[in-house]
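# An overview of the molecular structure
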Amino acid sequence: MMNMAVFDNYFTNKYSIEDNVCILDNDDKYTKNFGKQWKKYRNVQIDSLNNFNISENFLDNLLFKNTNILKNKTVLEVGCGAGRFTEHIVKLAKTCVSVDLSSAIFFNVSKDNRNLCLIKADILKLISKEKFDIVICRGMIQHTPNPYKTILKLFDFIDKNGQIYFDVYPKPKIGFFHPKYFLWRPFFQKLIKYEKMENFLNNNIRYLLKIKRIFKKILFNNNFLSDCLVPIWDYHNRLNLDKYELEKWSILDTLDGLYAQFDNPLS
């Protein structure tokens, strides 16, 4: 099995195999809700299933408009989730090793690609043996317990000639005084179960988005202020999506934003 050969080549950890995924951590730990989200909403952000290139553009921006740098390279993707970026990396890379702690990795859209090795693990636990040409980590670092420790860990997987591309979500203008941190997230996580909130959003997202857009108009189209007042993620006029797609993205990212156990943006 290719997964075993690739894993053994790059890491020294002991692991098991399940559904063509190398497993170091059976428990999702602090990423349980991400696993729930991507199991049900995997297809929402996958370019190839929606005839758009939103994820490809995000990846292109991360690589400074030079995705060709991945051609014939060995690539470690950290925080792959359901594979919105994996599907573009495997098209170019010689070998792609994609890691995620959550069970979302079992639903990775590129799972059957022969040049892909999937690993369910806490990245901090992986012990490197061989080095990669490139390490990519997008949209994940702020959701770890210690972002700085995570960033430093990425350097374990390259030598002096390797390259690392990562991002960290920016801290809001008013920092942790943003209602998402001191009000909305504690309120929802303590009083409303994830499943109940998901059901509420599915039944009411159309009306919730209308309410948010009314607030936004009242607030002179200020995204920041409307986000503070109405904790529903809305990509209207931000992404080129139809009405149905906007609703699905809103449900997915609202659940992501309100139920993430860790959210440590950096300035």
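Anything mentioned here points back to the structure above.
Residues numbered from 1 in each chain as written. Predicted model: local features only at pLDDT ≥ 70, side-chain atom pairs only at ≥ 80, totals over all residues. Heavy atoms only, no water.

## With respect to the overall build of the protein chain
What counts, and what does not: In DSSP terms, a helix is any run of H or I states spanning at least four residues, a strand is any run of E spanning at least two, and both are numbered starting from the N terminus. For a compact globule the rule gives 2.2 Å times the number of residues to the power 0.38, and the radius of gyration it is set against comes from C-alpha atoms. The rule is simple: take the accessible area with a 1.4 Å probe, protein chains only, and divide by the maximum for that residue type; under 20% is buried, over 50% is exposed, in between is partly exposed. Contacts were defined at the residue level, with two residues in contact if any of their heavy atoms lie within 4.5 Å.
Summing up its helical and strand segments, the protein chain has ten helices and seven strands in all. On C-alpha atoms alone, the protein chain measures out to a radius of gyration of 19 Å, which is about the 18 Å that the 2.2 N^0.38 rule sets for 267 residues. Taking the principal axes of its C-alpha atoms as reference, the protein chain extends roughly 55 × 35 × 35 Å. Counting across all 267 residues of the protein chain, residues that qualify as buried make up 53%. Pairs at least 24 residues apart make up 66% of the contacts formed inside the protein chain by residues separated by at least 6 positions.

## Remarks on helix H4 (residues 54–62)
Among the residues making up H4, those that are buried are Ile 54, Ser 55, Leu 59, Asp 60 and Leu 62. Looking one or two residues past H4, Phe 64 carries a phi angle of roughly 55 degrees, positive in sign.

## Let's talk about the pattern of salt bridges
To be explicit about the condition: The salt bridge criterion pairs a side-chain nitrogen of Lys or Arg with a carboxyl oxygen of Asp or Glu, the two atoms within 4 Å.
Inspection of the entire model under this criterion finds 15 salt bridges. Here Lys 29 makes a salt bridge to Asp 25, at a shortest N to O gap of 3.2 Å. Residue class for Lys 29 comes out partly exposed when judged on its relative accessible area of 32%. Classification of Asp 25 by relative accessible area gives buried; the value is 4%. Here Arg 206 and Glu 247 are joined by a salt bridge, their closest N and O atoms 3.0 Å apart.

## Details of the sheet that holds strand E6 (residues 134–137)
Worth spelling out the cut-off: A pair of strands is treated as paired once DSSP finds two or more bridges between them. Helix axes use the C-alpha atoms of the stretch in contact, all axes being lines fitted to C-alpha atoms, and the angles between their N-to-C directions lie in the range 0 to 180 degrees.
Taking strand neighbours across the sheet as the criterion, the seven strands line up as E1-E2-E5-E4-E3-E6-E7 in an open arrangement whose pairing is mixed. The two strands at the open ends of the sheet, each matched to only one other strand, are strand E1 (16–18) and strand E7 (163–166). Adjacent strand axes in the sheet meet at a mean angle of 20 degrees when their direction is disregarded. As paired strands, strand E2 (residues 21–23) and strand E5 (residues 116–120) are joined by two bridges and run parallel to one another. Paired with Cys 22 across the strands is Ile 119, a residue of E5. In the packing of helix H6 (residues 147–154) onto the sheet, contacts are made with strand E3 (74–78), E6 and E7, and the angle to E7 comes to roughly 150 degrees.

## So, the packing of helix H8 (residues 194–218) against helix H10 (residues 243–259)
For clarity, the cut-off: Note that the term roughly parallel is reserved for angles under 35 degrees, roughly antiparallel for angles over 145, roughly perpendicular for angles of 65 to 115, and oblique for everything else. Left-handed describes a crossing in which the near helix is turned anticlockwise from the far one by less than a right angle; the clockwise case is right-handed.
Where H8 meets H10, the closest approach of the two axes is 9 Å, and the angle between their N-to-C directions is 125 degrees. As far as their axial angle goes, H10 and H8 are oblique. Seen from above, H8 lies across H10 with right-handed handedness. Each of Tyr 194, Met 197, Glu 198, Leu 201, Asn 202, Ile 205, Arg 206, Leu 209 and Arg 213 in H8 lies in contact with H10, whose residues at this interface are Lys 243, Leu 246, Glu 247, Lys 248, Ser 250, Ile 251, Thr 254, Leu 255, Leu 258 and Tyr 259.

## Things to note about the packing of helix H2 (residues 32–41) against H8
Under the convention used in this document: Residue polarity is assigned by list, with Asp, Glu, Lys and Arg as charged and Ala, Val, Leu, Ile, Met, Phe, Trp, Tyr, Cys and Pro as nonpolar; anything else, Gly included, falls into the polar class.
Direction vectors running N to C along H2 and H8 enclose 35 degrees, while the axes themselves pass 12 Å from each other. The way H2 lies across H8 gives a crossing that is right-handed. In contact with Asn 33, Lys 36, Gln 37, Lys 40 and Tyr 41 of H2, H8 contributes Tyr 194, Glu 195, Glu 198 and Asn 202. Of the residues belonging to the contact of H2 with H8, the class tally is two nonpolar, three polar and four charged.

## Here we look at the packing of aromatic side chains
The cut-off we apply is this: Aromatic rings from Phe, Tyr and Trp, taking only the six-membered ring of Trp, are treated as a pair when their centres fall within 6.5 Å; an angle between ring planes under 30 degrees marks them as stacked, one over 60 as edge-to-face, and anything in between as tilted.
For the coordinates displayed, the defined rule picks out 14 aromatic pairs. Here the aromatic rings of Tyr 10 and Phe 11 are separated by 6.4 Å at their centres, their planes lie at 50 degrees, and the arrangement is tilted. The same class applies to Tyr 10 and to Phe 11, which are both buried. Look at Phe 187 and Phe 188: their rings are 5.2 Å apart centre to centre, the planes differ by 85 degrees, and that puts the pair in the edge-to-face class. With relative accessibility at 10%, the residue Phe 188 sits in the buried group.

## Some words on the side chain of Lys 212
Positionally, Lys 212 belongs in helix H8. With relative accessibility at 4%, the residue Lys 212 sits in the buried group. The contacts of Lys 212, once residues within four sequence positions are left out, are Ser 226, Asp 227, Val 230, Ile 232 and Asp 234.

## Some remarks on the side chain of Ser 55
To keep it simple, the criterion reads: Between N or O atoms, a polar contact is any pair within 3.5 Å; within protein, one atom must be a potential hydrogen donor and the other a potential acceptor, and residues adjacent in sequence are included only when both atoms are from side chains.
Structurally, Ser 55 can be placed in helix H4. Using a relative accessible area of 0% as the deciding quantity, one classes Ser 55 as buried. A polar contact is formed between the side chain of Ser 55 and the side chain of Arg 84, at a distance of 2.8 Å. With sequence-adjacent residues up to four places away left out, Ser 55 is seen in contact with Gln 45, Asp 47, Arg 84, Phe 85 and His 88.

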